[in-house]
Amino acid sequence: MYDVNFAIMNDFYEKARYQADFGKDWKEREKIVKFIEQYRTAFMTRDMDLINKIFDDNAIIIIGKKIRTVNEPQKYSFTDNENIYEYIKLKKDEYLERQAKVFENQSDILLEFSSLSILRKNNLEGVYGVSLRQNYNSTNYSDEGHLFLLVDFNSDEPKIYIRAWQPQEWDDEKIIKLSNFKVND
């Protein structure tokens, strides 16, 4: 077998097609849709070689980590995302090492995306921010949150320069997005 892909939702394709009418960049957005599907497939099939390949060596990876509390559970409790998550910044090698351990400990992994937004960075050719709503389910862990990827399509193979995951947020001002990053030529 040479390649396996899990079908991307038709809504993603149609939204990317619609957005391309404004940016006049369907060819690039078509590459992005395929790239996102390869990204998803790499995680579901635990393809560490592909995951290594799609991240730039200097990539910045930001992960929202849930802080464990030892308080006894109460019948009613208030959840404040600001106080139960912290953000960790990793280098590519650190991230890949952690991801390999996750793959070892999970017999089942399902990664789904329920929304897609593609923006070109300051009209720079080939540099895009991709925002996704991610649902992650595995053998003993699940979460829902926002995934942001800053991807450069200017070389032979697309490269992720920024990967940021954060827990489900209800405040749009707190969501990591393209405008949070500066791209130097």
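Higher on the page you've got the structure.
Residues numbered from 1 in each chain as written. Predicted model: local features only at pLDDT ≥ 70, side-chain atom pairs only at ≥ 80, totals over all residues. Heavy atoms only, no water.

S.K.: What's the story with the overall build of the chain in this structure? I'm lost.
M.R.: For the chain, the count of helices and strands is five helices and six strands. Mapped from its N terminus to its C terminus, the chain presents α and β elements in the order α-α-α-β-α-β-α-β-β-β-β. In the chain, buried positions account for 42% of the 185 residues. Excluding contacts between residues fewer than 6 apart, the proportion of contacts in the chain whose partners are at least 24 apart in sequence is 60%. A total accessible area of about 11900 Å² is found for the chain, and carbon and sulfur atoms account for 47% of it. (Helix = DSSP H or I, 4+ residues; strand = E, 2+ residues; numbered from the N terminus. Buried < 20%, exposed > 50% of the residue type's maximum accessible area, 1.4 Å probe, protein only. Contact = heavy atoms within 4.5 Å. Areas by Shrake-Rupley, 256 points an atom, 1.4 Å probe, with all protein chains shown as cover.)

S.K.: I keep staring at the packing of aromatic side chains and nothing clicks. Help me out?
M.R.: How two aromatic rings sit relative to each other is given by the distance of their centres and the angle of their planes. Under the definition given, this model contains seven aromatic pairs. Where F43 meets F103, the ring centres are 6.1 Å apart and the plane angle is 75 degrees; that geometry is what we call edge-to-face. Note that F43 is positioned in helix α2 (residues 26–44) and F103 in helix α5 (residues 92–105), a separation of 60 residues in sequence. Note on F43: relative accessible area 5%, which makes it buried. Among the residues examined, F103 registers a relative accessible area of 7% and is labelled buried. For the pair F148 and F181, a centre-to-centre distance of 5.5 Å together with 5 degrees between the ring planes defines the contact as stacked. A residue pair is termed long-range when its members are at least 10 positions apart, and F148 in strand β5 (residues 142–152) and F181 in the segment after β6 (159–167) qualify at 33 residues. Judged by its relative accessible area of 17%, F181 falls in the buried class. An aromatic cluster is built from F35, Y128 and F153, whose rings are joined through pairwise contacts. (Phe/Tyr/Trp six-rings, centres within 6.5 Å; stacked < 30°, edge-to-face > 60°.)

S.K.: Help me out: how do you make sense of the environment of Q134 in this one?
M.R.: Of note, Q134 is situated in strand β4 (residues 127–138). Taking C-alpha positions, Q134 is 7.9 Å from S115, a pair spaced 19 residues apart along the chain. Ignoring sequence-local partners within four residues, the contact set of Q134 consists of L111, E112, F113, D143, E144, G145, L147 and W165.

S.K.: I would appreciate a short explanation of the pattern of salt bridges in the present structure.
M.R.: Side chains that differ in sign of charge can pair as their charged atoms come close. On inspection of all chains with the given rule, the structure shows four salt bridges. The partner of E37 in a salt bridge is R40, and the shortest N-O contact between them spans 3.5 Å. Taken together, the residues span about one helical turn, with E37 and R40 both in helix α2 at a distance of three residues. The exposure classification of E37 matches that of R40, with both residues buried. Among the salt bridges present, the one from R133 reaches E144, with a minimum N-O distance of 3.1 Å. Placement of R133 in strand β4 and of E144 in strand β5 is noted, with a sequence separation of 11 residues between them. (Salt bridge = Lys/Arg side-chain N within 4 Å of Asp/Glu carboxyl O.)

S.K.: Just checking my understanding: could you explain α5 for this structure?
M.R.: Helical geometry: 3.6 residues make up each α-helical turn, so side chains three or four residues apart lie on a common side. Between the first and last C-alpha of α5 there are 20 Å, a value that for 14 residues agrees with the 20 Å anticipated at 1.5 Å per step. The complete set of buried residues in α5 reads K92, Y95, L96, Q99 and F103. The buried residues of α5 occupy an angular sector of 95 degrees when the element is viewed end-on, so they sit on one face. Seen from the buried face of α5, the exposed residues on the opposite side, beyond 90 degrees, are D93, E97, E104 and N105. (Expected span 1.5 Å × (residues − 1). Arc of directions from axis to C-beta.)

S.K.: I keep staring at unusual backbone geometry and nothing clicks. Help me out?
M.R.: Working note: non-glycine residues mostly have negative phi, and peptide bonds are mostly trans. If you check the backbone angles, R46 has positive phi at about 60 degrees while not being a glycine. By the element assignment, R46 lies in the loop between α2 and α3 (48–54).

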